[in-house]
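Commentary on secondary and tertiary structure
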Amino acid sequence: MAGHRMAGHWYRAYGLLLRSEIELPEFLAARPGAGGSNRAHDLDIRLSDHATAQWAASGAGESDAHRFFAAPAGGFVMRVPGVVDFWVREGRAIALGLMPGADLVSVRLFLLGSALGMALHQRGLPVLHGATVLHGRGATIFVGESGQGKSTLAASLGRSGHAILGDDTMPLWRAPRGGFEVWPGSRMFKLWADTIDVLGETAEGLDSVGSRLDKYFFPNAEQPADRPSPLGEIIELVSAPEGAEPALEPLGGLEALRVIAANTYRPHYVSQLGRDSEHFRLCSELAGSIAVCRLSRPRDIRRIGESLALIRARWAAPDQTAGAAP
């Protein structure tokens, strides 16, 4: 483990101050001890053999990889075979037990997804799985099933000058004056090579996403300021039949609630933490206070401009309230 150990690096992400023993270029660099929010507490990310020891003591086996289990000393442990063991505690500490020859790009992939997602849930925050884009009125989170093009749509908006606050995981904080707000998180997208080509960029020199040699970490051109933005809406992406025109429709009531609950980041984490009832109340509150819409559009990436025009028209229209039509 000593060969991997390095000086601490400091970052701001999701309204939190992070200290990490591995570099995390996805996040905004910060000064040691920098604050910025009286509700933000440090999250320590350390290299430690204790993570592997806790995994071994948890009783989980190799067939249980990629799943969190209760650790004997508290918190939860997870193994990514050939890469890393994680031990996540109280939303304040993530221990990493690196395996021999582990690729640090792969370590970051699982650290900033599964492990950080668990830490954010441990803090009691509602966490959505989506790509978050900043515009004149605040922030929009694009959600939807895997493969619906959340990252592609957000990256396209990013290349046209919008700041991207996150590509995968987005915790929501209560705003001081009511409602919810979001803070900048990851500045990277995970995009397929053909999507990068459509954006007029190249994948040359970019890190591949784990073993997916045709998917890459792609940086956003516009860097957001480290401050909160009000969450204005959630837009669910769904596929429309080939040849159909894109359509944006408002959702309300139980359907809005279903969209929010279904797009919670790793909802089984909520159950493991015994927070199902609390989480349902938060989702209900969100559904009643945030505009929730559904964007149906063809999957043909060559027609993405039609969806972008529809979204920009919505953002240019008068203010929307929860469930209001664009």
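About the criteria used
Residues numbered from 1 in each chain as written. Predicted model: local features only at pLDDT ≥ 70, side-chain atom pairs only at ≥ 80, totals over all residues. Heavy atoms only, no water. 1 Å grid on protein atoms, 1.4 Å probe; cavity = no way out; pocket = protein on both sides within 12 Å on 5 of 7 lines; lining within 4 Å. Points joined across faces, edges and corners; volume = space filled by probe spheres on them. Helix = DSSP H or I, 4+ residues; strand = E, 2+ residues; numbered from the N terminus. Core = buried A, V, L, I, M, F, W, Y, C linked by side-chain atoms within 4.5 Å. Buried < 20%, exposed > 50% of the residue type's maximum accessible area, 1.4 Å probe, protein only. Contact = heavy atoms within 4.5 Å. Salt bridge = Lys/Arg side-chain N within 4 Å of Asp/Glu carboxyl O. Disulfide = S-S within 2.5 Å. Pairing = 2+ DSSP bridges. Axes fitted to C-alpha atoms, helices over the stretch in contact; angles between N-to-C directions. Phe/Tyr/Trp six-rings, centres within 6.5 Å; stacked < 30°, edge-to-face > 60°. Lys NZ or Arg CZ within 6 Å of the ring centre and 35° of its normal. Parallel < 35°, antiparallel > 145°, perpendicular 65-115°, else oblique. Left-handed = near helix turned anticlockwise from the far one by under 90°. Nonpolar A, V, L, I, M, F, W, Y, C, P; charged D, E, K, R; others polar.

1. Here's the deal with empty space enclosed by the protein
Counted by the stated rule, this structure contains one cavity of 30 Å³ or more. Quantified by volume, the largest cavity comes out at close to 140 Å³. Contributing to the lining of the largest cavity are 14 residues, with L112, D168, S186, K190 and F217 lying nearest its centre. Contributions of two or more residues to the lining of the largest cavity are made by helix 2 (104-122) and strand 16 (188-192). Broken down by element, the lining of the largest cavity gets its largest block of residues, four residues, from helix 2.

2. Section: the nonpolar core
Side chains that are nonpolar tend, in soluble globular proteins, to be buried together. With 58 residues, the main nonpolar core has F27, F86, I94, L96, L111 and L172 as its most contacted residues. Top element by residues in this core is helix 2. It accounts for eight residues. Setting aside chain neighbours within four positions, we find I94 in contact with L43, D44, I45, R46, F86, W87, V88, L111, A115, L116 and A119. In this structure, A131, F142, L248 and L308 belong to the second largest nonpolar core, which totals 23 residues.

3. Some remarks on the pattern of salt bridges
In total, this model carries 21 salt bridges according to the counting rule given. A salt bridge links D64 to R67, with the nearest nitrogen and oxygen atoms 3.3 Å apart. On the basis of relative accessibility, which here comes to 17%, the residue D64 falls in the buried class. Residue R67 is classed as partly exposed on the basis of its relative accessible area of 46%.

4. Some thoughts on the state of the cysteines
Enumeration according to the criterion identifies zero disulfides in this entry. The thiol sulfur of C283 is not disulfide-bonded, and the nearest other cysteine sulfur, from C293, lies at 17 Å.

5. Details of unusual backbone geometry
Of note, the phi angle at H66 is positive, near 70°, even though the residue is not glycine. Look at H66 and you get partly exposed, because its relative accessible area is 44%. In this structure, R266 is a non-glycine residue whose phi angle is positive, near 45°. Within the secondary structure layout, R266 lies in the loop between helix 5 (253-262) and helix 6 (267-272). R266 gets classed as partly exposed once you look at its relative accessible area, which sits at 31%.

6. A look at the sheet that holds strand 6 (residues 76-80)
Strands sit in the order 3-1-2-4-8-7-6-5 across an open sheet of eight strands; the sheet is mixed. Of all strands in the sheet, those bounded by a partner on one side alone are strand 3 (28-29) and strand 5 (69-70). Here strand 2 (residues 16-20) runs beside strand 4 (residues 43-47); their pairing, made up of three bridges, is parallel. From the neighbouring strand, R19 faces strand 4, where its bridge partner is D44. Helix 1 (residues 50-57) contacts strand 5, strand 6, strand 7 (84-89) and strand 8 (93-98) of the sheet and is inclined by roughly 85° relative to strand 7. The strands that helix 2 touches are strand 2, strand 4, strand 6, strand 7 and strand 8; relative to strand 7, the one it contacts most, it runs at about 20°.

7. Some details on the packing of aromatic side chains
Aromatic ring pairs are defined here through the distance separating the ring centres and the angle between the ring planes. Taken as a whole and assessed by the stated rule, the structure comprises four aromatic pairs. Plain terms: the ring middles of Y265 and Y269 are 6.5 Å apart, the flat faces sit at 75° to each other, and that makes the pair edge-to-face. For the residue pair Y265 and Y269, the accessibility class agrees, reading buried in each case. Three or more aromatic residues joined by ring pairs form one cluster here, namely F68, Y265 and Y269. One cation-aromatic arrangement involves R89 over W87; the distance from NZ or CZ to the ring centre is 4.1 Å. The aromatic ring of F217 is capped on one face by R108, whose charged end is 5.8 Å from the ring centroid.

8. Some thoughts on the packing of helix 3 (residues 150-159) against helix 8 (residues 304-316)
Running from N to C, helix 3 and helix 8 cross one another at 65°; their axes reach a closest spacing of 11 Å. Between helix 3 and helix 8, the angle is such that the two are roughly perpendicular. Relative to helix 8, the crossing made by helix 3 is right-handed. Touching T152, L153, S156 and L157 of helix 3 are I304, S307, L308, I311, R312 and W315, all from helix 8. Looking at the contact of helix 3 with helix 8 residue by residue, the class counts come to six nonpolar, three polar and one charged.

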